2 protein chains.
Amino acid sequence: MHTQVQRTLDALRIEPSGVPIYVQIREQLLGAIGAGWLAPGAQMPTMRQVAVALRVDLNTVRHAYDELDAMGAIRTVRGVGTFVAERPPRRDLAAEAARIDSLAHRLVAMAMTEGVDPVAVAHRVLTLEERQEQGGEG
Amino acid sequence: MHTQVQRTLDALRIEPSGVPIYVQIREQLLGAIGAGWLAPGAQMPTMRQVAVALRVDLNTVRHAYDELDAMGAIRTVRGVGTFVAERPPRRDLAAEAARIDSLAHRLVAMAMTEGVDPVAVAHRVLTLEERQEQGGEG
DNA sequence: GTTAGTGTATGAGAATATGCATACACAAGT
DNA sequence: ACTTGTGTATGCATATTCTCATACACTAAC
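Read on for a plain summary of the structure.

### Details of the overall build of chain A
A tally of helices and strands in chain A yields six helices and two strands. Along chain A, from the amino end to the carboxyl end, the secondary structure elements read α-α-α-α-β-β-α-α. Considering only C-alpha atoms, chain A reaches an extent of 55 × 35 × 30 Å along its principal axes. With 138 residues in all, chain A has 33% of them scored as buried. For chain A, contacts bridging at least 24 residues in sequence account for 59% of all contacts bridging at least 6.

Set out below in structure tokens:
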């Protein structure tokens, strides 16, 4: 369905964190694929769709897609579109856990810095995300 | 102890992921602080130590330290070294709610841009903080 | 005062990232 | 044939990142 593409598109975000834009796109799309959010064989968002949605250059998006293609996560069909690979590389659970840990630790550090209880922040995040999922699901 | 610094130093890794080196250093050091490897007030690894350990330029390391300083996570003392910032005294209870909200949104943004589920991170924070209360602190 | 260890600073150069504009090549539908 | 929507490609300009080399300024210890 288009809806999957649209949801993925809406979920894409770029932050001025110092991380290159193409890397942010690459990681988010990889996450969407790894989570099954974009099923094997399904059409990916168009490069132009992503470029417009994020207000980013087409070549920048292509950079991300090129790397996804190189790692076998997607396959590209010229003149047609890009699609999730039939058998995308299984996501590394250990690496995933490490990234979650890193995020968690960084949050604790930031909370410490600002004199705030990290637990309170975590609870706030949970309530925020709950309310966002009530908007309907596919 | 030196050992804390040495452990942090040994744990530092640079990967050719497209993420700028200074960003990788920034995030890993912030993570070390949040994990408690580097306690408030403790001396950070020397910029030159990091530069040598990672075989990276001193200015690149400085870039990372500058940003950590700018966000208040560390404090720099010229001619002496850099230290983990002390926890600020908790004062405004009203302004605290705003900071919690701000941090929560920042965490969600960070997680999303890295292709990670914010809820997973929140849960990880909760379990980490539980264990810290049980096993004693510091 | 000297020395050693810290952070701070500058300039040159190469590589990369990004935007902007302009195309080209291919596939599918009309 | 034509149009539309894909991915592919180039050239130019700018900003950032990173390395290398070379210092300077400050602090603490001797």
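### Quick word on the protein's contact with DNA strand C
In the neighbourhood of DNA strand C, 23 residues make up the surrounding shell, with Pro20(A), Ile21(A), Asp57(A), Gly79(A) and Met47(B) lying closest. In terms of residue class, the surface near DNA strand C is made up of seven nonpolar, 11 polar and five charged.

### Comments concerning the protein's contact with DNA strand D
Near DNA strand D lie 23 residues; those nearest to it are Met47(A), Pro20(B), Ile21(B), Asp57(B) and Gly79(B). Elements with a contribution of two residues or more to the surface near DNA strand D: α3 (47-54), α4 (58-70) and β2 (81-84) of chain A together with α2 (21-35) and α4 (58-70) of chain B. Its residues assigned to classes, the surface near DNA strand D comprises seven nonpolar, 11 polar and five charged.

### Brief notes about helix α5 (residues 93-113) of chain A
Over its 21 residues, α5(A) runs 30 Å from end to end, which matches the ideal 30 Å to within 8%, given 1.5 Å per residue. Of the residues trailing α5(A), Gly115(A) is marked for its positive phi of about 65°.

### Focus: the environment of Ala85(B)
Structurally, Ala85(B) can be placed in the loop between β2 (81-84) and α5 (93-113). Residues Ala85(B) and Gly41(B), 44 residues apart in the sequence, show an inter-C-alpha distance of 5.9 Å.

### A short note on the nonpolar core
Grouped together as the largest cluster of nonpolar side chains are 41 residues, with contacts concentrated most on Leu107(A), Val121(A), Leu107(B) and Val121(B). At the level of elements, α5 and α6 (118-133) of chain A together with α2, α4, α5 and α6 (118-134) of chain B are the ones that each hand at least two residues to this core. Among the elements that take part in this core, α5(A) stands out by supplying nine residues, more than any other. Ranked by size, the runner-up nonpolar core spans 19 residues in total, among them Ile25(A), Leu29(A), Leu30(A) and Ile74(A).

### Regarding unusual backbone geometry
With a phi angle near 55°, Arg55(A) is a residue other than glycine that sits in the positive phi range. Note on placement: Arg55(A) falls in the loop between α3 and α4.

### A closer look at the interface of chain B and chain A
Across the contact, 44 residues belong to chain B and 42 residues belong to chain A. Broken down by secondary-structure element, the contributors of at least two residues to the side of chain B that touches chain A are α2, α5 and α6 of chain B. Among the elements that take part in the side of chain B that touches chain A, α5(B) stands out by supplying 13 residues, more than any other. Along the lines of polarity and charge, the residues of the side of chain B that touches chain A split into 29 nonpolar, six polar and nine charged.

Reading the values: rules and limits
Residues numbered from 1 in each chain as written. Chains lettered and ligands numbered in written order. Predicted model: local features only at pLDDT ≥ 70, side-chain atom pairs only at ≥ 80, totals over all residues. Helix = DSSP H or I, 4+ residues; strand = E, 2+ residues; numbered from the N terminus. Buried ≥ 20, exposed ≤ 12 C-beta atoms within 10 Å, placed from the backbone. Contact = placed C-beta atoms within 7 Å. Near = placed C-beta within 6 Å. Nonpolar A, V, L, I, M, F, W, Y, C, P; charged D, E, K, R; others polar. Expected span 1.5 Å × (residues − 1). Core = buried A, V, L, I, M, F, W, Y, C linked by C-beta atoms within 7 Å.

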